[in-house]
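Each chain, written out:
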Amino acid sequence: MITPTPTLLEVRSVNQMYGSGDRRFTAVQNINLSMKEGEFVALVGPSGCGKSTLLRIITGLNKPSSGVVLYRDNVLTGVNPHATIVFQTFALFPWLTVQQNVEIALKVRGVPAEERASRAVALLDKVGLDGFENAYPRELSGGMRQKVGFARAMAVEPELLCLDEPFSALDVLSAEALRGELLELWTAGDIPTKAILMVTHNIEEAISLADRVVVMDKQPGRVVADLTVDLPHPRHRKSPEFIAKVDLVYATLSGQTEPESLEMGSAPGEPGRTRTLPDVQVVNLAGLLEALAEKPDDRADIYQIVEELKVDSNQLFLLQEAAEMLGFATVSKGDITLTTLGQTFVDASILARKEIFATRIRRLPMFRWLLNILAKADKHELEWDVIQSALELEFPPEEAEKQVEVAVNWGRYAELMSYDDGKATISLEEPGKI
Ligand code: ADP
């Protein structure tokens, strides 16, 4: 007989209001969310959609205005002793050594003094900090400090481990290494943790780690999708299945309604119309999105924006087209409105912006075609003229040249391709990435 997996957490019809009088507003509305033992759930959505509020409610740090949280079928009242939150920046005690920082958590849990040292050493070993027991936090890199934070969270042996953007303050390599270690601990069943809930802005990170991705939107904060990621570990970021999942989350965030093929047109050389890339610089596109994010409801009148950004209306038209094409904004009745994906882009760090941009442009038929021919080329490199001539079968020469220029600009920003000015060649930045 198969025994059903026990439900660990159940959030039922939860609402959270903040402020009072005229200022009262709904931070999260009608949240329903459950987590079973063994699940790793990622929570994504733009700033202000209530992710932290929800984490606080789940761990019992906030009492919701209405609705209930059940933990192992019991209504949660007060702080949940079985849950721990790990924040983006760990507040380690600077005057204590690494080992002492972990021992403190064990002490709070009531572990006898004689056991603390050996347990702390074992935990530090698990997160790969063997040999750093006597170092002070200031002697460690950001990634290593984060590991101490993980070790400290593990010391509490939480059944439910809540992570609030645990990797976002780290450089790319440390973040990737630490993700790997977390996943190893989790999949090997080496830790007593039964479920993980991770808030992140990074969609690739969510898909690479989680079994489910819960997508939230704001005003009011609510859940708009709950997507299953049924890919075995280790997951390969370049595999078509992985990319399809990432695209699905992006499509949800960008409110995409039309099928991809209708929205995007066809690739060069294929039947149908190839949609041109609007001739805009990424910095200007980012400027437009940032300006919209400042507006009430993330929306503005197009003519007002022309004034504000000091661009001419033709440039704005192109920017608007690019923003729509990439799913960052929608345009209707003279207004331009940021999508959730656009908000996510504005909120993201420089590197995360590049990743979002790369994911979005990779799905444009023009880019797919270009990346494809580069991938097949000798040394993954082609001369500008060769690409331009190929595009001249589709567009007039001037337009073909413009298209190569825009593609190279965007591709370089996204770190998908590079351009050698001396040789006038275009190559793939990281051939394995495509
Ligand atoms: P996220 O983590 O997704 O950025 P938050 O949960 O921090 O979202 O915030 C959701 C909304 O609630 C935001 O508009 C935020 O300004 C507001 N908010 C969060 N905490 C409080 C609070 N303690 N008092 C008043 N408003 C708050």
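Residues numbered from 1 in each chain as written. Predicted model: local features only at pLDDT ≥ 70, side-chain atom pairs only at ≥ 80, totals over all residues. Heavy atoms only, no water.

**Thoughts on the sheet that holds strand E6 (residues 83-86)**
Strands sit in the order E6-E7-E8-E3-E9-E10 across an open sheet of 6 strands; the sheet is mixed. The sheet terminates laterally at E6 and strand E10 (222-228), the two strands that pair on one side only. Strand-to-strand, the axes of this sheet are offset by a mean angle of 20°, without reference to chain direction. Lying over the sheet, helix H5 (residues 172-187) contacts strand E3 (40-44), strand E7 (160-164) and strand E8 (195-199), oriented at roughly 160° with respect to E8. (Pairing = 2+ DSSP bridges. Helix = DSSP H or I, 4+ residues; strand = E, 2+ residues; numbered from the N terminus. Axes fitted to C-alpha atoms, helices over the stretch in contact; angles between N-to-C directions. Contact = heavy atoms within 4.5 Å.)

**Focus: the nonpolar core**
In this structure, Phe328, Phe357 and Trp410 are the most contacted members of the largest nonpolar core, which totals 112 residues. Here this core spans two domains, since at least three of its residues come from each of domain 1 (7-252) and domain 2 (282-431). Not counting chain neighbours up to four residues away, the residues in contact with Trp410 comprise Leu277, Pro278, Val280, Val282, Ala322, Leu326, Phe357, Ile361, Leu364 and Phe367. By size, the runner-up hydrophobic cluster in this structure holds 27 residues, among which are Leu8, Val11, Leu33 and Ile85. (Core = buried A, V, L, I, M, F, W, Y, C linked by side-chain atoms within 4.5 Å. Buried < 20%, exposed > 50% of the residue type's maximum accessible area, 1.4 Å probe, protein only. Domains from an automatic or database assignment.)

**Digging into the pairing of strand E2 (residues 25-36)**
Across 8 bridges, strand E1 (residues 7-18) lies against E2 in antiparallel orientation. When the bridges of E2 are listed, Val14 appears paired with Ile31. Remark: 6 residues form the turn of the hairpin made by E1 and E2, two consecutive strands paired antiparallel; Gly19 in that turn has positive phi of roughly 75°.

**A short note on the domain arrangement of the chain**
Partitioning the chain into domains gives domain 1 (7-252) and domain 2 (282-431). Each of domain 1 and domain 2 was reduced to a C-alpha centroid, and the two centroids are 33 Å apart. Counting residues at the interface gives 15 residues for domain 1, matched by 13 residues for domain 2. Buried area between domain 1 and domain 2, both sides added, is near 1200 Å², and the carbon and sulfur share of it is 53%. Its largest share of buried area at the contact with domain 2, domain 1 owes to Pro46, His201 and Tyr250, together 39% of the area lost on that side. Viewed at the interface, domain 2 and domain 1 are joined by 1 salt bridge. For Asp298, the salt bridge is made with Lys218, and the minimal N-O distance between the two is 3.9 Å. Run the count over domain 1 and domain 2 and you get 2 residue pairs in polar contact (both at pLDDT 80 or more). (Buried area = accessible area lost by both parts, 1.4 Å probe. Salt bridge = Lys/Arg side-chain N within 4 Å of Asp/Glu carboxyl O. Polar contact = N/O pair within 3.5 Å; in protein donor to acceptor, adjacent residues only side chain to side chain.)

**A closer look at the environment of Thr274**
On the secondary structure map, Thr274 appears in the loop between helix H8 (260-264) and helix H9 (282-293). Classification of Thr274 as buried rests on a relative accessible area of 5%. In the structure, Thr274 is positioned 90 residues away from Leu364 in sequence and 9.8 Å away in space, judged by C-alpha atoms. With near-sequence residues (within four places) excluded, Thr274 lies in contact with Ser266, Ala267, Pro268, Met366, Glu394 and Phe395.

**Observations concerning the packing of aromatic side chains**
With the rule as written, the count across this model stands at 9 aromatic pairs. Centre to centre, the rings of Phe150 and Phe167 are 6.1 Å apart; their planes meet at 25°, and the pair counts as stacked. With Phe150 in helix H4 (residues 142-155) and Phe167 in the loop between E7 and H5, this pair connects stretches of sequence that are 17 residues apart. Both residues of the pair, Phe150 and Phe167, count as buried. Through successive ring pairs, a cluster of aromatic residues spans Phe357, Phe367, Trp410 and Tyr413. (Phe/Tyr/Trp six-rings, centres within 6.5 Å; stacked < 30°, edge-to-face > 60°.)

**Considering unusual backbone geometry**
Across the junction of His233 and Pro234, the peptide omega takes the value -5°, indicating a cis bond. Structurally, the position occupied by Pro234 is in the loop between E10 and helix H7 (240-253). Here Asn30, not a glycine, exhibits a phi torsion of approximately 45°, which is positive. Checked against the element boundaries, Asn30 lands in strand E2. Look at Asn30 and you get partly exposed, because its relative accessible area is 46%. With a phi angle near 60°, Glu415 is a residue other than glycine that sits in the positive phi range.

**Digging into the site of the ligand**
Around the ligand, a shell composed of Tyr18, Phe25, Ala27, Pro46, Ser47, Gly48, Cys49, Gly50, Lys51, Ser52 and Thr53 is seen. The backbone of Cys49 places a nitrogen or oxygen atom 3.2 Å from an oxygen atom of the ligand. With respect to the ligand, the side chain of Ser52 contributes an N or O atom lying 2.6 Å from an oxygen atom. Expressed as a share of its isolated accessible area of 560 Å², the protein-covered part of the ligand is 57%. Looking at which element gives the most residues to the shell around the ligand, the answer is helix H1 (residues 51-58), with 3 residues. The residue makeup of the shell around the ligand, split by class, is 5 nonpolar, 5 polar and 1 charged. (Near = heavy atom within 4 Å. Areas by Shrake-Rupley, 256 points an atom, 1.4 Å probe, with all protein chains shown as cover. Nonpolar A, V, L, I, M, F, W, Y, C, P; charged D, E, K, R; others polar.)

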